[in-house]
Amino acid sequence: MSNVAVLDSLTRRMNAMFSLYEDALSSMDTSHVNHFEREGVLPIAFSLFHYVNMHDASFMLLTGTPPIWNDDWQARVGVGVNDHGKHRTVDEMVHQRIGDLGAFVEYMRAVFGRTSAWLKDLDPAALDRVVITRPFPPQIASTFSARVAGEPGLRSEEHTSELQSPCNLVCRLLLEKK
């Protein structure tokens, strides 16, 4: 598959994912996002902040651009635990809350908008710089990204008539930063 097709597919998929977050948040208010169901169950606030904040931080690995999240955003959004939670326990992150949902949505849109703009301006030839093919090196093979990459040779067009970027894509810069 050509890099142009891969980049087009990636861009469409990212934009579809971003729209799912927008749609979900349009039907929620702060009480929904921060709802405490029971011990051991993370609130929606955790999932929202974790994904967007990890996306924000990961952008730096691709571009060298620092994350958007900083003390000013923390003051505006007011998350209960100022951490994406990747290295914390459920017991620690069960207390995650979002203080100002409107400010969080602004942050989310800034993160997703920055990625969309970067993809729009990305030269398809640059994908060769950020793609790692199988077999993955050890420091990549154990990551979540490698686990969800799918089996070699699977293609979604068999089911959706849509091009899927190769299932072996993982950011080369993750490896370079390790």
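Residues numbered from 1 in each chain as written. Predicted model: local features only at pLDDT ≥ 70, side-chain atom pairs only at ≥ 80, totals over all residues. Heavy atoms only, no water.

**A look at the overall build of the chain**
Scanning the chain for helices and strands turns up 11 helices and 0 strands. If you list the helices and strands of the chain from N to C, you get α-α-α-α-α-α-α-α-α-α-α. Residue burial in the chain is summarised as follows: out of 178 residues, 35% are buried. For the chain, the exposed surface amounts to about 10100 Å²; the carbon and sulfur share of it is 56%. (Helix = DSSP H or I, 4+ residues; strand = E, 2+ residues; numbered from the N terminus. Buried < 20%, exposed > 50% of the residue type's maximum accessible area, 1.4 Å probe, protein only. Areas by Shrake-Rupley, 256 points an atom, 1.4 Å probe, with all protein chains shown as cover.)

**Observations regarding the confidence of the model for the chain**
Summarising the model, the chain shows a mean pLDDT of 82, and 80% of its residues fall at 70 or more. Least confident of the elements in the chain is helix α10 (residues 157-160), whose mean pLDDT is 36; most confident is helix α4 (residues 71-77), at 98. Confidence drops under a pLDDT of 50 for residues 154-178, and excluding neighbours within four residues, the segment shows 66 contacts in the predicted structure. (pLDDT = per-residue confidence, 0-100. Contact = heavy atoms within 4.5 Å.)

**Concerning the packing of aromatic side chains**
The tally for this structure, following the rule as stated, stands at 9 aromatic pairs. Consider the rings of W69 and Y107, whose centres lie 4.9 Å apart with planes at 65°: the pair is edge-to-face. A residue pair is termed long-range when its members are at least 10 positions apart, and W69 in the loop between α3 (44-63) and α4 and Y107 in helix α6 (residues 101-121) qualify at 38 residues. Under the relative-accessibility criterion, Y107 is labelled buried at 0%. (Phe/Tyr/Trp six-rings, centres within 6.5 Å; stacked < 30°, edge-to-face > 60°.)

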